[in-house]
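Coordinate analysis (summary)
Chain by chain, the residues:
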Amino acid sequence: MAPGAKIFGPITIGNDVAIGANAVVTKDLPDNAVAVGIPARIISYEGSKDFCDLLSNHLPQGLV
């Protein structure tokens, strides 16, 4: 879950889900979903692994 993301209501978040910065989640997200926007929409079912790997490659050494 990226900074600024909001989850409203009794929402179920599946496993390996990536939620983009400032996204507003108003519906359940299934396993491996990648959701962005206001309101959040699923843009792929690739899961969070690739997004987390990409981020970790750009962080200073020692923060990962």
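Residues numbered from 1 in each chain as written. Predicted model: local features only at pLDDT ≥ 70, side-chain atom pairs only at ≥ 80, totals over all residues. Heavy atoms only, no water.

This part is about unusual backbone geometry. The omega torsion across Ile38 and Pro39 is -10°, close enough to zero to call that bond cis. For Pro39, the location among the structural elements is in the loop between β4 (34–36) and β5 (41–44). Of note, Asn22 is a non-glycine position whose phi angle comes to about 65°, a positive value. Structurally, the position occupied by Asn22 is in the loop between β2 (18–19) and β3 (24–25). Positive phi values are uncommon outside glycine, yet Asn32 reaches one of about 65°. As for its position among the elements, Asn32 is in the loop between β3 and β4. A residue is classified by how much of its surface remains accessible, and Asn32, at 31% relative accessible area, is partly exposed. (Helix = DSSP H or I, 4+ residues; strand = E, 2+ residues; numbered from the N terminus. Buried < 20%, exposed > 50% of the residue type's maximum accessible area, 1.4 Å probe, protein only.)

Attention shifts here to the confidence of the model for the protein chain. Per-residue confidence for the protein chain averages 84 on the pLDDT scale, and 77% of its residues sit at or above 70. Per-residue pLDDT, averaged within each element of the protein chain, yields its smallest value for helix α1 (residues 49–56) (60) and its largest for β3 (97). (pLDDT = per-residue confidence, 0-100.)

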